[in-house]
Structures are given as C-alpha cells and as structure tokens.
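The primary structure of each chain is shown beneath.
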Amino acid sequence: MGDMIESRVALVTGAAQGIGAAVATRLAANGFAVVINHHSASSEERARELAEMLTRDHGVETMAAQCDVADFEAVKEMVAAIKERFGRIDVLVNNAGITRDGLLMRMKDDQFESVIDTNLGGAFNCMRHVVPLMVKARYGRIVNISSVVGVYGNAGQVNYAASKAGLIGMTKSAAKELGARGITVNAVAPGFIETAMTAELDETASGALTSRIAAGRLGAPEDVANAVAFLAGDEASYVTAQVLGVDGGISL
Ligand code: NAP
C-alpha cells in the first residue's frame, strides 16, 4: 500500500470507453494512480467498473470522477476532489471529445459551439485548474488528444477540425509558458481509430479509408495509448510542444 501512495497520479478525461479507457488502462499498467473522468449518466457504471478492474489487475489506486469538462466550475470542483484524495496530479490527458458533423452551409451554431466548448474549452478548463498544482510541484505531463483532422482538415467537420487545430495551438503555447517549470505539453494526433466515435462507417467507406493508410489497417485505441504513455512518462522530459501523429501513415 505504501507504494500506492507514492504513485504518480494521472487524470484522463472521457475515460470510460474508447481511447480514454485504453489510455487509463496503459497508465495503470505503468503504475500510475488513475482518475477516470466521464460525463454522461450512461457511462457511470462503465467508469466505475473500469476503475475497479484497474485496481484489481494492476494494484493501483483509482477514482471515477463524473464531470462535464465543458463546465469551468465543474472542472474546478473535480480537480479539488482529486487534490483532496491524492494531493497531486502529475499527468493530465485531455481526451474527452465529441463530433457533430455536418456541411458548413447547413451547420447550426449550437453544432459548432458544442464541439468547440467540449473539445477545446474542455482542455482549457482542465489545464487551467490542473496546471497550478503542476507548477507548485515543478513537474507535469500534459497530453492533448488532437486529430489528423486538425492538421489536414476534413469535409463535413469544420467544427471538429477547428477544435482539434485549436488544441495544437494551445499545446504549443502552453508548452512555451510552462517548459521552464518542469511541465511538458504535447499533442497526439490519432488517425482513424476503431471506437464508438468511428463505428458508423460502413464497410465500403472503411475499406476506402484503409487503402489510404500506409500501415494497411485502422488503428486500435491501444496504439494511441502507447504514444500517450511515452509522453506521460519520465523519459519524455525533453519532448515538448510536439504533435505526434498516430495514424499509420494516413494521407487525407
Ligand atoms: P468515444 O468512444 O466517443 O469517447 C469519447 C469520450 O469522451 C466518451 O467517453 C465521453 O464520455 C467523453 N466525453 C464527451 N463529452 C464529454 C464531456 N463534456 N465531459 C467529459 N467527457 C466527455 O471516442 P474516442 O474515439 O475514444 O475519442 C477519444 C478522443 O480521441 C476524442 O477527443 C476524439 O476526438 C479523439 N480522436 C478519435 C479518433 C478516432 O478515430 N476514434 C481519431 C482522432 C482523434 P460520456 O460517454 O460520459 O459522455
């Protein structure tokens, strides 16, 4: 139990499923205590079960934390609760994200705003409240989950692309502000990863997509988790302000 208290603590947003769950699992396997953030009521049980499983399988402390990352005050309360429980947050993985796709000419303002508020505003809110703890500790690892769509753009996703491109600018700026304080800030830009977010693609579309991926296959959540685990680790102390593509060599 003594070791548990000494563990580094990681907060992973949107971690009840998909890429976030894979990241939480990989970090737990690496010995991190993990906070599994989730939002909707429907994901509460999944978050709790994942937390219990990670404690059982890896002997690490875990905590499930319900919170809408788009809500500044709610994030403040979540961070306070984590501080109360663990006293620290060493790693922040801003993974929570949504899509509300549609063509520009038909896109409603709330379609645009909800995606920006969650994907970009959510990362800001978490960084805003977590960074003071990291500055005090003179240590931190922040990993923002962007997307190849934020780098290359994608028809039907101006809202999503804007949020993910915004995350890259935010990552590089925060890296410059925080570098001298022992805090690294990097982005991971996944390509096409098989999760609920991409489940709607039919076989023809997914076949066409695969033909544009050098690796010849779609990605798995674990592929992203491996990259995040590197950036979240002590060994990545001189890697900051980077955008690491995890996309199998996709060309969009
Ligand atoms: P997913 O399975 O849909 O998971 C997204 C997670 O985000 C859900 O667990 C959801 O939790 C959470 N979330 C949504 N809104 C939230 C909010 N306001 N507050 C807190 N949590 C919230 O999608 P995924 O594919 O794993 O995506 C994870 C991240 O990777 C996203 O940022 C996505 O944009 C990015 N990404 C994915 C791909 C891909 O191909 N899959 C590619 C590039 C980038 P609730 O269910 O509780 O709402």
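Above this note sits the structure.
Everything quoted here is computed from the prediction, not taken from an experiment.

Draft legend 1. A look at the site of the ligand. Taken together, 30 residues sit near the ligand, with S43, N95, Y160, I193 and T195 positioned nearest. Within the contact set of the ligand, an oxygen atom lies 2.5 Å away from a side-chain nitrogen or oxygen of Y160. Within the side chain of K164, an N or O atom sits 2.8 Å from an oxygen atom of the ligand. Those elements giving two or more residues to the shell around the ligand turn out to be α2 (18-29), β2 (33-38) and α7 (158-178). Partitioning the shell around the ligand into residue classes produces 12 nonpolar, 16 polar and 2 charged.

Draft legend 2. Quick peek at the sheet that holds β2. Read from one edge of the open sheet, 7 strands run β3-β2-β1-β4-β5-β6-β7, paired in parallel fashion. Since the sheet does not close on itself, it has two edges, and those belong to β3 (62-66) and β7 (243-246), each with one partner. For this sheet the average axis-to-axis angle between neighbouring strands, irrespective of direction, equals 20°. Bridging between strand β6 (residues 183-190) and β7 involves 4 bridges; their strand directions are parallel.

Draft legend 3. Fine view of the pattern of salt bridges. Scanning all chains against the criterion turns up 5 salt bridges. Here D90 makes a salt bridge to R8, at a shortest N to O gap of 3.7 Å. Here D90, found in the loop between α4 (72-86) and β4 (91-94), pairs with R8, found in the loop between α1 (2-6) and β1 (9-12); they are 82 residues apart in sequence, far enough to count as distant. Overall, the relative accessible area of 4% leaves D90 in the buried class. Its relative accessible area of 25% is what places R8 among the partly exposed residues. Here D234 makes a salt bridge to R8, at a shortest N to O gap of 3.3 Å. Of this pair, D234 sits in the loop between α9 (221-232) and β7 while R8 is found in the loop between α1 and β1, placing the two residues 226 residues apart along the sequence. Counted as one network, the salt bridges with shared partners bring together R8, R88, D90 and D234.

Draft legend 4. Fine view of the pairing of β3. Looking at chain direction, β2 and β3 are connected through 5 bridges and run parallel. Considered in β3, the bridge of H38 is made with Q66. For the crossover that starts at β2, traverses helix α3 (residues 44-58) and ends in the parallel β3, the hand is right-handed.

Draft legend 5. Representation of helix α5 (residues 109-137) in the model. For α5, which comprises 29 residues, the first-to-last C-alpha distance of 40 Å matches the rise-based estimate of 42 Å (1.5 Å per residue) to within 8%. The sharpest bend along α5 reaches about 40° and sits at G121. Immediately beyond the C-terminal end of α5, within one or two residues, lies R138, with a positive phi of roughly 50°.

Draft legend 6. Main features of the packing of aromatic side chains. On inspection of all chains with the given rule, the structure shows 1 aromatic pair. Ring plane angle 20° and centroid distance 6.5 Å describe the contact between F72 and F124, whose orientation is recorded as stacked. Taken as a pair, F72 in helix α4 and F124 in helix α5 lie far apart in primary sequence, 52 residues in all. A residue is classified by how much of its surface remains accessible, and F124, at 40% relative accessible area, is partly exposed. Stacked on the ring of Y139, the Lys or Arg R8 has its end atom at 3.9 Å from the ring centre.

Draft legend 7. Spatial organisation of the environment of G121. Along the chain, the position of G121 falls in helix α5. Along the chain, G121 and Y238 lie 117 residues apart, while their C-alpha atoms are 27 Å from each other. If we skip the residues at most four places from it in the chain, G121 touches V69 and I116.

Draft legend 8. Up close: a negative patch on the surface. On the surface, E44, E45, E49 and E52 cluster together into a negatively charged patch. You can see E44 is positioned in helix α3.

About the cut-offs
Residues numbered from 1 in each chain as written. Predicted model: local features only at pLDDT ≥ 70, side-chain atom pairs only at ≥ 80, totals over all residues. Heavy atoms only, no water. Near = heavy atom within 4 Å. Polar contact = N/O pair within 3.5 Å; in protein donor to acceptor, adjacent residues only side chain to side chain. Helix = DSSP H or I, 4+ residues; strand = E, 2+ residues; numbered from the N terminus. Nonpolar A, V, L, I, M, F, W, Y, C, P; charged D, E, K, R; others polar. Pairing = 2+ DSSP bridges. Axes fitted to C-alpha atoms, helices over the stretch in contact; angles between N-to-C directions. Salt bridge = Lys/Arg side-chain N within 4 Å of Asp/Glu carboxyl O. Buried < 20%, exposed > 50% of the residue type's maximum accessible area, 1.4 Å probe, protein only. Right-handed = clockwise from strand over helix to strand, strands pointing away. Expected span 1.5 Å × (residues − 1). Bend = angle between axes of the 7 residues up to and from the residue. Phe/Tyr/Trp six-rings, centres within 6.5 Å; stacked < 30°, edge-to-face > 60°. Lys NZ or Arg CZ within 6 Å of the ring centre and 35° of its normal. Contact = heavy atoms within 4.5 Å. Patch = residues over 30% accessible without salt bridge, like charges linked within 9 Å, V, L, I, M, F, W, Y side chains within 5 Å. Areas by Shrake-Rupley, 256 points an atom, 1.4 Å probe, with all protein chains shown as cover. Lys, Arg positive; Asp, Glu negative; His and termini not counted. Charge placed at Lys NZ, Arg CZ, Asp CG, Glu CD.

The analysis is restricted to geometry; functional conclusions fall outside its scope.
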